[in-house]
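Observations on the model geometry
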Amino acid sequence: MYGILTPIHSFLRWAVLLLLLAVIFKSLHGLISKRSFSKSDDKMSLFMMISAHTQLLVGIILYFVSPFVQFGNTTDKEVRFFTMEHSTMMIVAIVFMTLARILSKKGKTDVAKFRRLFIFSLIALLIIFMAIPWPFSPISRPWF
Ligand code: HEM
């Protein structure tokens, strides 16, 4: 189980990041060009949310099977990162992605929809970028 889930979780990061970037650029373009909020904008935010929730599910299962999740071991930086920092920050980011979609759907004008989608998704992107164990991060994992 662990051997399959880790590469899936690692690969899914790219789907989450690509969809998040697409939503950010699309909503920024919508704001600048003042175009109307279309079905494709709605679909893109739906796909972004589905990818995030799938990643959440895989992450939660990994949390129970990973050797890097341990309680009481506060000296190992890698253990602390995956037990506390990575998981907490990613859950917060996924809450922001969910809010981006829900609140944008509730927006009364197209500008309000685009603005909410843009701001909440941008915050999520920044958090995710900081919490991913990039090959160049202090706690590092491969690109794929
Ligand atoms: C957008 C959300 C997330 C992204 C982009 C993400 C990304 C990643 C990446 C790139 C790795 C390294 C995988 C590798 O070894 O190559 C990783 C590991 C891990 N993630 Fe996440 N993650 C996310 C959410 C979560 C959540 C919500 C949890 C738990 C609640 C979680 C738990 C873990 C654990 C336990 C590991 C360590 C796996 C291991 O090497 O044993 N992740 N994550």
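None of these values were measured; they are calculated from a predicted model.

1. Brief notes about the nonpolar core
- Leu17, Leu20, Met48, Met97, Ile128 and Ile132 are the most contacted members of the largest nonpolar core, which has 24 residues in total.
- Of all the elements in the fold, those that place two or more residues in this core are α1 (2-33), α2 (39-65), α3 (77-106) and α4 (110-131).
- No other element matches α4, which puts 9 residues into this core.
- Once you skip the residues sitting within four places of it in the chain, Leu20 turns out to touch Met48, Met97, Ser121, Ala124, Leu125 and Ile128.

2. Observations concerning the side chain of His86
- Inspection of the secondary structure puts His86 in helix α3.
- Among the residues examined, His86 registers a relative accessible area of 12% and is labelled buried.
- Apart from residues no more than four positions distant in its own chain, His86 is found in contact with His9, Phe81, Ala131 and Pro133.

3. Points about the site of the ligand
- Around the ligand, the structure places 20 residues, and the nearest of them are Tyr2, His9, Ser66, His86 and Arg141.
- Between a nitrogen atom of the ligand and a side-chain N or O atom of His86, the distance comes to 2.8 Å.
- Between the ligand and the protein, one listed contact pairs an oxygen atom with a side-chain N or O atom of Arg141 at 3.4 Å.
- Structurally, the ligand is housed in the largest pocket.
- Grouping the amino acids of the shell around the ligand by side-chain chemistry returns 10 nonpolar, 8 polar and 2 charged.

4. As for the coordination of the iron atom of the ligand
- Distances from the iron atom of the ligand to its protein donors, His9 (NE2) and His86 (NE2), fall at 2.0 Å.
- Considering all 6 donor atoms around the iron atom of the ligand, the spread of angles at the metal, 83 to 179 degrees, places the coordination shape in the octahedral class. Here the residue His9 occupies a position in helix α1, and His86 occupies one in helix α3, the gap between them amounting to 77 residues. Here His9 matches His86 in class, with each residue buried.

5. Things to note about the packing of α1 against α2
- It is at 9 Å that the axes of α1 and α2 come closest, and there the two elements cross at 155 degrees. Viewed along their axes, α1 and α2 adopt a mutual orientation that is roughly antiparallel. Helix-helix and strand crossings are classified by hand; for α1 and α2 the assignment is left-handed.
- Split into classes, the residues belonging to the contact of α1 with α2 amount to 18 nonpolar, 8 polar and 3 charged.

6. Points about the packing of aromatic side chains
- Applying the stated rule across the entire model yields 12 aromatic pairs.
- When the centroid spacing of 6.4 Å and the interplanar angle of 35 degrees are considered together, the rings of Trp14 and Trp143 count as tilted. Of the two residues, Trp14 sits in helix α1 while Trp143 sits in the segment after α4, which places them 129 residues apart along the sequence.
- Taking the relative accessible area as the measure of exposure, Trp143 reaches 42% and is therefore partly exposed.
- Sitting above the plane of the Phe37 ring, Lys113 keeps its charged end 5.6 Å from the centroid.
- Cation over ring: Arg141 sits above Phe68, and NZ or CZ is 4.6 Å from the ring centre.

Reading guide: rules and limits
Residues numbered from 1 in each chain as written. Predicted model: local features only at pLDDT ≥ 70, side-chain atom pairs only at ≥ 80, totals over all residues. Heavy atoms only, no water. Core = buried A, V, L, I, M, F, W, Y, C linked by side-chain atoms within 4.5 Å. Buried < 20%, exposed > 50% of the residue type's maximum accessible area, 1.4 Å probe, protein only. Helix = DSSP H or I, 4+ residues; strand = E, 2+ residues; numbered from the N terminus. Contact = heavy atoms within 4.5 Å. Near = heavy atom within 4 Å. Polar contact = N/O pair within 3.5 Å; in protein donor to acceptor, adjacent residues only side chain to side chain. 1 Å grid on protein atoms, 1.4 Å probe; cavity = no way out; pocket = protein on both sides within 12 Å on 5 of 7 lines; lining within 4 Å. Sits in = over half its atoms within 2 Å of the grid points. Nonpolar A, V, L, I, M, F, W, Y, C, P; charged D, E, K, R; others polar. Donors = N, O, S within 2.8 Å, 3.2 Å for Na, K, Ca; no water. Tetrahedral: all angles 85-135°; square planar, octahedral: opposite > 155°, others 65-115°. Axes fitted to C-alpha atoms, helices over the stretch in contact; angles between N-to-C directions. Parallel < 35°, antiparallel > 145°, perpendicular 65-115°, else oblique. Left-handed = near helix turned anticlockwise from the far one by under 90°. Phe/Tyr/Trp six-rings, centres within 6.5 Å; stacked < 30°, edge-to-face > 60°. Lys NZ or Arg CZ within 6 Å of the ring centre and 35° of its normal.

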